[in-house]
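# Coordinate inspection notes
Residue strings, one per chain:
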Amino acid sequence: MTLTKAVRFYETGTPDVMRYEDVEVGNPGLGEVRLRHVAVGLNYADTYFRNGTYQIPLPNGMGVEASGVVEAVGEGITDLVVGDRVTYTGFINTLGAYSEERLVPANALIKLPEGISCETAAAMTMRGLTASYLMRRIYDFKAGDTILLHAAAGGVGLIVSQWAKLLGLTVIGTTSSEEKAAVARAHGCDHVINYSHENVAERVRELTKGVGVNVVFDSVGKDTFMGSLDSLKRRGLLVCVGTASGPIPAFDPVLLALKGSLYVTRPALADYIADPAEKKALANELFDHVSSGRIKIEINQRYALADAVQAHRDLEARKTIGSSIFVI
């Protein structure tokens, strides 16, 4: 047994329910590896596990994304060896990423190419794969299409806006401050709406000459749902990719007809990386864009694992810009 540090929680609630404690890590079993983490991703989805939005058995580990080096390999594994650099993200099967070392299913791991560091990988695996399926699987984008991107200065938002420009799209982003607006513009947003003092839907109609946008990517949820619908063109698509302000309210589907025969979808990354071949294709395209410099990954906050409580407070207070990671 190896003694290591990890963040765990025994009840749901505020950031203070998380505990930084000693845990034991055994030898890898069938289909597992023991992984020494170099960096761990901090994602808004982590707060959903912690506060009970996503219900899981307790006690449990925190976090679903990290990168590091393979320390030991269990039986039945032929494509990984000790010393390989890997990254991973997932859902229930990868909970426990807030740790120095752990056992993880080998089928969750993605080998890292030489041009991508472990810190970059931890900052972009979940966000990047999310951006990858949003750009390549959700809608058949054509050059000249327009999107509305909420939380444009967030980790996913900065990747999506850069990818969108590679596809020839017009990007309208929303942010809560002028500081974040400047970051969003620097990463590809053609227009930025400050939702703290502008009406998003009205401004979108002005920018699109009354037509509306093809697609809205909404990671905010309750506070932006109606405005997102009102920003779409006829037969446009609302992609609900998060609920930072709370779950979207229940609504009668006839509302979609009244507002222009709209479409709404609530995708989850897990369903776009469940097939190994599709996961590999999405990862390869992401890695290629990042390695070439076409998409830049911004790590603007670094925390120690022992500071997980403060990291969650900063995240929920919307103090972070771009990606945040824990450095081991």
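Residues numbered from 1 in each chain as written. Predicted model: local features only at pLDDT ≥ 70, side-chain atom pairs only at ≥ 80, totals over all residues. Heavy atoms only, no water.

### Describing helix α4 (residues 178-186)
Definition in use: The buried label goes to any residue with under 20% of its type's maximum accessible area, the exposed label to any with over 50%, and the partly exposed label to all in between, with areas taken from a 1.4 Å probe on protein chains only. Helix and strand assignments follow DSSP, with helices taken as H or I runs no shorter than four residues and strands as E runs no shorter than two, numbered in order from the N terminus. The arc in question is formed by the directions pointing from the helix axis toward the C-beta atoms. The contact criterion used is simple: two residues touch if any of their non-hydrogen atoms lie within 4.5 Å.
Within α4, burial applies to K180, A181, V183 and A184. Taken around the axis of α4, the buried residues stretch over an arc of 160°, which confines them to a single face. Opposite the buried face of α4, at more than 90 degrees from it, the exposed residues are E179 and A186. Residues of α4 that are buried in the fold lie against α3 (155-166), β10 (170-175) and β11 (191-194).

### With respect to the sheet that holds strand β13 (residues 232-240)
The cut-off we apply is this: Pairing between strands is defined by DSSP: at least two bridges between the two strands are required. Lines fitted to the C-alpha atoms define the axes, with helices restricted to the stretch that makes contact. Angles between their N-to-C directions range from 0 to 180 degrees.
The 6 strands are arranged β11-β10-β9-β12-β13-β14 in an open sheet whose pairing can be described as parallel. Here the strands that pair on one side only, and so sit at the sheet edges, are β11 and β14 (263-265). Looking at each pair of strands side by side, their axes are set apart by 15° on average, direction ignored. Each of β9 (146-149), β10 and β12 (213-218) is contacted by α3, which is oriented at about 170° to β9, the strand it contacts most. Those strands touched by helix α5 (residues 200-207) are β9, β10, β11, β12 and β13, and its axis lies near 155° from that of β11.

### What about the sheet that holds strand β2 (residues 18-25)?
Strand pairs in the sheet, formed through backbone hydrogen bonds, run parallel or antiparallel to each other. If you walk across this open sheet you meet the 3 strands as β2-β1-β4, and the pairing is antiparallel. Lying at the two open borders of the sheet, with one neighbouring strand each, are β2 and β4 (60-61). Examined bridge by bridge, strand β1 (residues 2-9) and β2 share 8 bridges and lie antiparallel to one another. When the bridges of β2 are listed, K5 appears paired with D22.

### Let's talk about the side chain of S231
Along the polypeptide, S231 turns up in the loop between α6 (225-230) and β13. Excluding its chain neighbours within four sequence positions, the residues that come into contact with S231 are L148, V200, A201, V204, R205, G212, V213 and V216.

### What about the pattern of salt bridges?
Here the idea is simple: oppositely charged side chains can pair when their charged atoms come close. As a reminder, the rule being used: The salt bridge definition used is simple: a Lys or Arg side-chain nitrogen within 4 Å of an Asp or Glu carboxyl oxygen.
Under the defined criterion, the tally for this structure stands at 18 salt bridges. We note a salt bridge from R137 to E278, for which the minimum N-O separation is 2.7 Å. Placement of R137 in the loop between α2 (118-136) and β9 and of E278 in helix α8 (residues 276-292) is noted, with a sequence separation of 141 residues between them. Since its relative accessible area comes to 36%, R137 is described here as partly exposed. The network of salt bridges with shared partners includes E198, R203 and E206.

### Structural notes on the environment of G29
Tracing the sequence through the fold places G29 in the loop between β2 and β3 (32-42). If we ignore the near neighbours within four places in the chain, the residues touching G29 are G74 and E75.

### Digging into the state of the cysteines
Which entries qualify depends on this criterion: A pair of sulfur atoms, both from cysteines and within 2.5 Å, is called a disulfide here.
This structure, assessed with the given rule, holds 0 disulfides. With no disulfide partner, C240 has as its closest neighbouring cysteine sulfur the one in C189, 19 Å distant. C240 sits in the buried class, given a relative accessible area of 5%.

### A word on the packing of aromatic side chains
Applicable threshold: Two aromatic rings, drawn from Phe, Tyr or Trp (for Trp, its six-membered ring), form a pair once their centres lie within 6.5 Å of each other, and the interplanar angle then sorts them: stacked below 30 degrees, edge-to-face above 60, tilted otherwise. Each ring is checked for a lysine NZ or an arginine CZ that lies within 6 Å of its centre and within 35 degrees of its normal; such an atom marks a charge sitting over the ring.
In the structure shown here, the tally under the stated rule is 9 aromatic pairs. Here Y44 and Y48 contribute two aromatic rings whose centre-to-centre distance is 5.7 Å and whose plane-to-plane angle is 70°, an arrangement assigned as edge-to-face. Taken as a pair, Y44 and Y48 lie in helix α1 (residues 44-51) at a separation of 4 residues, close to a single helical turn. Classification of Y44 by relative accessible area gives partly exposed; the value is 24%. The rings of Y44, Y48, F49 and Y54 are connected pair by pair, giving a single aromatic cluster. Directly above the ring of Y10 sits R19, whose terminal nitrogen or CZ lies 4.3 Å from the centroid.

### Things to note about the packing of α1 against helix α9 (residues 308-316)
Applied cut-off: Every angle not falling under 35 degrees, over 145, or within 65 to 115 is termed oblique; those three ranges are roughly parallel, roughly antiparallel and roughly perpendicular. A clockwise turn of the near helix away from the far one marks a right-handed crossing, whereas an anticlockwise turn of less than a right angle marks a left-handed crossing.
Interhelical geometry of α1 versus α9 gives an angle of 110° and a closest axis separation of 10 Å. Considering the angle they form, α1 stands roughly perpendicular to α9. When the axes of α1 and α9 are compared, the crossing they make is left-handed. When α1 is examined against α9, the residues Y44, D46, T47, R50 and N51 are found in contact with a partner set consisting of H312, L315 and E316.

### Points about α9
Those residues of α9 lying buried are A308, V309, A311, H312, D314 and L315. Where α9 is buried, its residues contact β1, β2, β3, α1, β15 (299-303) and β16 (323-327). Among the residues trailing α9, R318 stands out with phi positive, at a value near 60°.

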